[in-house]
Amino acid sequence: MIKRTFPAVRRVLSPGVRYFSGRDTTEDVCDGTDSPHDTKQASLYVHWPYCLRRCSYCSFNKYIAREDNSHIMTQCFQRETETLLQLSQVSSITSVFFGGGTPSLAHPSTVAAILEAVSKHVNLFDKAEITLEVNPTPVGMSKLKDFCHAGVNRVSIGVQSLQDDDLIFLGRDHSCHQALQTIEEARRLCPGRVSIDVMFGRPRQSIESWENELSELLKVCDDHVSLYQLTLERGTQLFKQVQRGEVAVPGDDVTAEMYQCARRTLHQHGFLQYEVSNFARHNAVSHHNMSYWKGRQYIGVGPGAHGRFVPLGEGGVVREARIQTLEPDVWIREVQQRGHGTRRRIQLHHLDVRLEEVLVMGMRTTEGINHKHWELFSPQLGLHEVFGKSNDVQELLQSGQLILDDRSLRCSWDGLAVLDSILPALLVELETKILQRRQRNHSSDGQTEQASSPR
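Residues numbered from 1 in each chain as written. Predicted model: local features only at pLDDT ≥ 70, side-chain atom pairs only at ≥ 80, totals over all residues. Heavy atoms only, no water.

**A few points about helix α13 (residues 328–338)**
Selection rule: Each residue's exposure class comes from its accessible area (1.4 Å probe, protein chains only) as a fraction of the maximum for that residue type: buried when under 20%, exposed when over 50%, partly exposed otherwise. Helix numbering and strand numbering both begin at the N terminus, where a helix is a DSSP run of H or I of at least 4 residues and a strand a DSSP run of E of at least 2.
Three or more residues of α13 are buried, namely Pro328, Trp331, Ile332, Glu334 and Val335. At the exit of α13 stands Gly339, carrying a positive phi of roughly 90°.

See the structure below:
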């Protein structure tokens with residue numbers, strides 16, 4: 001039975017948000033500093049905060065613009081990008097992702113200006129993946145060509161549904177026909193580099209209708225598909241409708257079968273699942289998202305953006321988690337005053353915090369966490385040492401949901417579908433091993449101190 005599949009997916013969609021707790025641990029097993037290679041490169045996420053309207057299910061950091069402030073937004077994006085690049089002292093940016101909100105509402109010149117600011121200060125790889133999230137409206141489609149001229153070479157289209165009634169119910173501002181037109185135009189401009197977002201678990205949706213929708217989608221899609229289960233986020237219009245009994249969503253068993261149905265169907269059409277929600281063929285994986293899942297540095301620019309990097313420019317030696325100010329007007333004021341809108345900074349020098357992120361993000365991928373990658377963050381505690389002797393983990397290994405061998409720690413095909421039921425056991429075991437090692441170090445230090453003290 002595949003149940004409670006996607007709560008775990010939802011928790012970690014935004015890299016590291018789950019661990020933005022700032023726990024105060026005073027002792028470390030290792031110093032947690034990043035290797036020189038880790039600090040030379042980073043990916044860049046740019047958050048455009050505006051939408052034309054708010055979808056009924058959406059709880060993201062987005063706002064309805066009261067006036068056209070594109071000029072001042074462009075200036076602030078440029079300045080914050082330059083400030084954080086200088087602070088990080090990276091020598092190259094490996095990928096850029098323009099998300100939101102609805103970044104296709106931005107003017108293409110804004111995208112060009114941000115990419116120019118990057119290129120002015122660091123090396124932006126010639127073949128760097130530059131992704132733009134696009135709302136498949138006539139306005140969004142009409143600007144695709146200009147966005148590509150500005151530097152965008154990959155497009156992620158928020159199709160969500162091919163059913164017009166569902167799109168209206170969800171508050172989307174496009175039709176199925178417009179989505180199909182946008183996909184066609186994007187594939188013409190960026191062949192092989194178009195991703196489609198599609199949502200399941202929608203009200204009134206059945207397994208049969210979902211299968212039919214997938215069949216239609218596969219006739220027009222390019223080489224990348226992202227699946228997302230509709231989630232009920234507190235405070236949204238949809239959440240209130242469901243709470244009042246006005247709307248019903250499919251149960252856990254139905255959504256679990258929808259997920260498995262999509263996995264099988266996509267696999268039959270040549271798509272390989274490389275992450276819980278993401279599928280690609282012809283090696284069209286999202287390199288930007290892979291950098292998150294592999295625990296690499298990334299810089300977040302724009303209202304509410306998140307980042308993870310070492311601030312070498314001010315003498316930092318450990319990675320920091322950073323959150324930019326949420327509200328666009330306040331963010332603009334702060335960027336104008338001090339060059340950036342960073343609202344919160346948390347040092348990630350503690351072993352447990354860093355390893356939790358590596359574990360949660362790495363286990364989302366089908367390749368899991370290989371031993372060499374784990375050792376970069378935990379040279380003293382290997383994968384076999386942490387997980388090899390745990391009774392709970394042994395049960396997962398014996399059931400075939402989890403695999404631990406000389407290659408990596410990873411979920412099997414069946415295990416990936418119940419990732420949220422696997423992660424708690426892994427996290428508990430990790431925390432237990434870290435605590436045991438810390439206690440041994442304390443005991444060893446105490447014995448050394450007693451032996452050296454005069455009697």
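**What to know about empty space enclosed by the protein**
Heads up, the condition is: Of the grid points, spaced at 1 Å and generated over the protein atoms alone, those admitting a 1.4 Å probe that cannot get out make up cavities, while open sets with protein on both sides within 12 Å along at least five of seven lines make up pockets; any residue with an atom within 4 Å of a point is treated as lining. Grid points are joined across faces, edges and corners, and a volume is the space filled by probe spheres set on the points.
Applying the stated criterion across every chain, the model contains two cavities of 30 Å³ or more. Of the pockets and cavities examined, the second largest cavity occupies roughly 50 Å³. Taken together, Val46, His47, Trp48, Phe77, Phe98, Pro103, Ala106, Thr110, Val111, Ile114 and Leu132 form the lining of the second largest cavity.

**Examining the packing of helix α9 (residues 207–220) against helix α11 (residues 252–268)**
We count it as follows: Where helices are involved, their axes are fitted lines through C-alpha atoms of the stretch in contact, as for all axes, and angles between N-to-C directions lie from 0 to 180°. Angles below 35 degrees are treated as roughly parallel, those above 145 as roughly antiparallel, those between 65 and 115 as roughly perpendicular, and all remaining angles as oblique. Helix crossings fall into two classes, left-handed where the near helix is turned counterclockwise from the far one by less than a right angle and right-handed where it is turned clockwise. Residue contacts are counted whenever heavy atoms from the two residues lie within 4.5 Å of one another. As a working rule, the residues Ala, Val, Leu, Ile, Met, Phe, Trp, Tyr, Cys and Pro are called nonpolar, Asp, Glu, Lys and Arg charged, and the rest polar, with Gly in that last group.
Two elements in contact, α9 and α11, have axes separated by 10 Å at closest approach and are oriented at 30°. Classified by the angle between their axes, α9 and α11 sit roughly parallel to one another. α11 is crossed by α9, and the crossing has right-handed handedness. Contact with α9, carried on its side by Ile207, Trp210, Glu211, Leu214 and Leu218, involves Val254, Glu257, Met258, Cys261, Ala262, Thr265 and Leu266 of α11 and no other residues of that element. When its residues are assigned to classes, the contact of α9 with α11 shows nine nonpolar, one polar and two charged.

**A closer look at the pattern of salt bridges**
We count it as follows: A carboxyl oxygen of Asp or Glu within 4 Å of a side-chain nitrogen of Lys or Arg is what we treat as a salt bridge.
What the rule picks out here adds up to 21 salt bridges. Of the charged contacts, one joins Arg410 and Asp405 as a salt bridge, the two residues approaching to 2.9 Å between their closest N and O atoms. A relative accessible area of 9% means that Arg410 is categorised as buried. For Asp405, a relative accessible area of 27% puts it in the partly exposed group. Here Lys433 makes a salt bridge to Glu429, at a shortest N to O gap of 2.6 Å. Residue Lys433 and its partner Glu429 are located together in helix α19 (residues 419–452), separated by four residues, close to a single helical turn. In this pair, the class of Lys433 matches that of Glu429, namely buried. Several salt bridges share partner residues, and in doing so they unite Asp166, Arg202, Arg204 and Glu213 into one network.

**Here we look at the confidence of the model for the protein chain**
Which entries qualify depends on this criterion: In predicted models, pLDDT denotes the confidence assigned by the predictor to each residue on a 0 to 100 scale.
Here the protein chain averages 86 in pLDDT, while 86% of its residues score no lower than 70. Across residues 1–33, where pLDDT falls below 50, the model places 92 contacts with residues more than four positions away in sequence or in other chains.

**Thoughts on the nonpolar core**
Selection criterion: Definition of nonpolar core: a set of buried residues of the types Ala, Val, Leu, Ile, Met, Phe, Trp, Tyr and Cys, connected through side-chain atoms within 4.5 Å.
In this structure, Ile93, Leu359, Met363 and Phe387 are the most contacted members of the largest nonpolar core, which totals 94 residues. Ranked by the residues each element gives to this core, the list is headed by α19, at eight residues. Non-local contacts of Phe387, meaning those with residues more than four positions away in its chain, are made with Leu359, Trp374, Val393, Leu404, Leu409, Leu426, Glu429 and Leu430. Among the nonpolar cores identified, the runner-up in size contains 12 residues, and Ala280, Ala284, Met290 and Tyr292 belong to it.

**Considering α11**
Cut-off, in case you're wondering: Multiply 1.5 Å by the residue count of a helix minus one, and that product is the helix's expected span.
Taking 1.5 Å of rise per residue, the 17 residues of α11 would be expected to cover 24 Å, and the 24 Å separating its terminal C-alpha atoms lies within 8% of that figure. Restricting attention to buried positions, one finds in α11 the residues Thr255, Ala256, Met258, Tyr259, Gln260, Cys261, Ala262, Arg263, Thr265 and Leu266. One or two residues past the end of α11 sits Gly270, with phi positive at roughly 90°.

**Topic: the environment of Arg322**
Keep this limit in mind: Distance and chemistry together define a polar contact, namely a pair of N or O atoms within 3.5 Å, with one atom able to donate a hydrogen and the other to accept it when in protein, and with adjacent residues in sequence counting only for side-chain atoms on both sides.
Along the polypeptide, Arg322 turns up in strand β13 (residues 320–324). Arg322 sits in the buried class, given a relative accessible area of 2%. At a separation of 3.3 Å, a polar atom in the side chain of Arg322 contacts the side chain of Thr342.

**Remarks on the environment of Cys76**
Mapping Cys76 onto the fold places it in helix α3 (residues 70–88). In this structure, the C-alpha to C-alpha distance between Cys76 and Trp331, residues 255 residues apart in sequence, is 8.7 Å. Excluding residues that lie within four positions of it along the chain, Cys76 makes contacts with Trp331, Ile332, Val335 and Gln336.

**What to know about the pairing of strand β7 (residues 194–200)**
To keep it simple, the criterion reads: Here, strands pair whenever DSSP counts at least two bridges between them. A clockwise path from the first strand over the helix to the second, with the strands pointing away from the viewer, defines a right-handed crossover.
The buried fraction of β7 is high, at seven of seven residues. Burial of the side chains of β7 extends over both faces: Val194, Ile196, Val198 and Phe200 are buried on one face and Ser195, Asp197 and Met199 on the other. Pairing of strand β6 (residues 154–160) with β7, which is carried by five bridges, proceeds in the parallel orientation. Residue pairing across strands places Gln160 opposite Val198, the latter belonging to β7. Judged from the six bridges that link them, β7 and strand β8 (residues 224–229) form a sheet pairing that is parallel. Following the sheet pairing, Asp197 is matched in β8 by Ser226. With α9 bridging β7 and its parallel neighbour β8, the resulting β-α-β unit is right-handed.

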